[in-house]
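These are the residues of each chain, in order.
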Amino acid sequence: MRKLLYALAATTLLITSWAHAAPELRSDHPERYTVVKGDTLWDISARFLNNPWYWPEIWHVNPQVANPHLIYPGDRLALVYIDGKPRITKVASNDVVKLSPKVRSEPIDTPIPAIPLDAIGSFLTDTRIVSPEEINGAPYVLEGEDGRIITGAGDKIYARGEKPADKIGIFRRSKEFRDPDTGEFLGLEARSIARGDVVRENGDVLTVNLTSSNEEVRIGDRLMVSEDRRLTTSFVPSAPSEDIEGQMIAVDGGVSQIGQFDVVAINRGTREGLEAGNVMAVLKSGNLVRDPVTGETIELPSERAGLLMVFQAYEKMSYGLVLQASRALTVGDKVTNP
């Protein structure tokens with residue numbers, strides 16, 4: 001499942017989007033690096049670059065190497081210079097770097113994912129944003145077999161409503177998102193609890209065998225179609241195509257401080273031009289201070305404090321993964337183009 005669709009054709013788009021800047025090598029960058037199990041594209045990029053999302057601009061395809069696009073654990077990467085510009089390429093088995101001026105571009109798969117998938121797996125597979133009408137109209141759990149009020153994988157439950165499909169997901173109403181500035185309703189999170197098969201219909205009463213569960217199923221939980229989304233890892237890091245400013249409006253887990261690899265919700269979505277793979281800078285809100293001369297309350301300027309990558313975009317809001325955080329972040333911090 002750990003596949004990354006990494007098309008070098010995206011390089012042209014990225015160069016256009018970021019024409020105002022260029023990738024900068026870290027002062028302590030290695031000349032060679034051997035990929036290890038558990039690496040992500042972001043990890044590897046961060047070893048070479050101050051700004052890891054510029055990776056597509058310095059990746060150089062070496063046609064003398066078998067599967068030159070693919071990056072596997074055990075592969076050796078080398079930093080070389082072509083026309084005075086830094087490039088990263090795979091080293092051939094004889095440790096000799098051979099370069100070709102011919103440019104090749106094609107979609108490819110590689111087992112090295114762009115970002116840590118275990119941090120966002122549940123959001124990519126089933127958890128979703130819905131309308132209140134959608135979840136309120138869905139069938140609901142009556143009870144478990146033998147009158148149980150809490151059930152899990154391997155148990156049988158009974159629900160009431162119109163069967164959505166043979167294979168269904170069990171969801172629980174979770175956070176309701178509103179824009180902190182305008183009050184506009186942005187969406188309702190339906191958290192994935194379990195999956196099951198509808199094995200019998202008796203009028204509007206459904207009998208369901210639970211095949212898997214993330215946590216206990218409770219009376220009142222809702223049944224909706226299980227989308228069986230393919231666990232995509234096709235994140236090509238890029239800046240948004242439009243200038244976008246928003247806020248982090250929630251963090252998964254209900255913690256008060258946000259750090260690296262936390263999942264956050266932001267109040268901007270596809271209608272503003274956001275899409276999966278977009279990188280956003282996080283700006284830490286400035287403190288409110290009292291002017292000692294005039295007595296006025298002054299907000300200090302926001303300071304850049306992190307980076308996040310959008311991995312799931314809906315119409316009015318999105319989910320993102322915090323990839324870097326130089327200090328503790330909080331709900332309400334601003335997000336903007338990197």
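All values derive from a computational prediction rather than experimental measurement. (Residues numbered from 1 in each chain as written. Predicted model: local features only at pLDDT ≥ 70, side-chain atom pairs only at ≥ 80, totals over all residues. Heavy atoms only, no water.)

**Student:** Could you give an account of a nonpolar patch on the surface, naming the residues involved and the relevant values?
**Tutor:** A contiguous nonpolar surface patch, about 290 Å² in accessible area, is contributed by Ile-149, Ile-150 and Ile-219. When you line up the elements, Ile-150 lands in strand S6 (residues 150-151). On the accessibility criterion, Ile-150 (48% relative accessible area) is partly exposed. (Patch = residues over 30% accessible without salt bridge, like charges linked within 9 Å, V, L, I, M, F, W, Y side chains within 5 Å. Areas by Shrake-Rupley, 256 points an atom, 1.4 Å probe, with all protein chains shown as cover. Salt bridge = Lys/Arg side-chain N within 4 Å of Asp/Glu carboxyl O. Helix = DSSP H or I, 4+ residues; strand = E, 2+ residues; numbered from the N terminus. Buried < 20%, exposed > 50% of the residue type's maximum accessible area, 1.4 Å probe, protein only.)

**Student:** So what's going on with the pattern of salt bridges? Residues and values would help.
**Tutor:** Going through the model one piece at a time under the given rule, you end up with 20 salt bridges. For Asp-28, the salt bridge identified is with Arg-26, shortest N-O distance 2.9 Å. We classify Arg-26 as partly exposed; its relative accessible area is 29%. In this structure, Arg-173 and Glu-176 form a salt bridge, with 3.8 Å as the shortest nitrogen-oxygen distance. Among the ionic contacts, a cluster of salt bridges with common partners joins Arg-172, Arg-191, Glu-215 and Asp-221.

**Student:** Please give an account of the environment of Gln-324 that cites residues and values.
**Tutor:** For Gln-324, the location among the structural elements is in strand S19 (residues 318-325). When residues no more than four places from it in sequence are discounted, the contact partners of Gln-324 are Trp-42, Pro-52, Ala-305, Gly-306 and Leu-307. (Contact = heavy atoms within 4.5 Å.)

**Student:** Could you give me a rundown of the side chain of Glu-189, with the residues and numbers involved?
**Tutor:** The residue Glu-189 is located in strand S9 (residues 185-202) in this model. The buried category is assigned to Glu-189, whose relative accessible area is 3%. Excluding its chain neighbours within four sequence positions, the residues that come into contact with Glu-189 are Phe-123, Thr-127, Arg-128, Ile-129, Arg-172, Arg-173, Ser-174, Lys-175, Phe-177 and Tyr-319.

**Student:** For unusual backbone geometry, give the residues involved together with the corresponding values.
**Tutor:** Excluding glycine, most residues fall at negative phi; most peptide bonds, likewise, are trans. One non-glycine residue, Asp-146, adopts positive backbone phi at about 60 degrees. Turning to its location among the elements, Asp-146 is positioned in the loop between strand S5 (140-144) and S6. We classify Asp-146 as exposed; its relative accessible area is 70%. Even without a glycine there, the phi angle at Phe-261 is positive, about 70 degrees.

**Student:** An account of the sheet that holds strand S18 (residues 303-313) is requested, with residue identities and associated values reported.
**Tutor:** Reading around the barrel, the six strands line up as S13-S14-S19-S18-S15-S20 and close back on themselves, with antiparallel pairing between neighbours. Shown here is a sheet whose adjacent strand axes are inclined to one another by a mean of 45 degrees, direction ignored. Where strand S13 (residues 245-251) meets strand S20 (residues 334-336), three bridges bridge the pair, whose relative direction is antiparallel. The partner of Gln-247 across the bridge, within S20, is Lys-334. (Pairing = 2+ DSSP bridges. Axes fitted to C-alpha atoms, helices over the stretch in contact; angles between N-to-C directions.)

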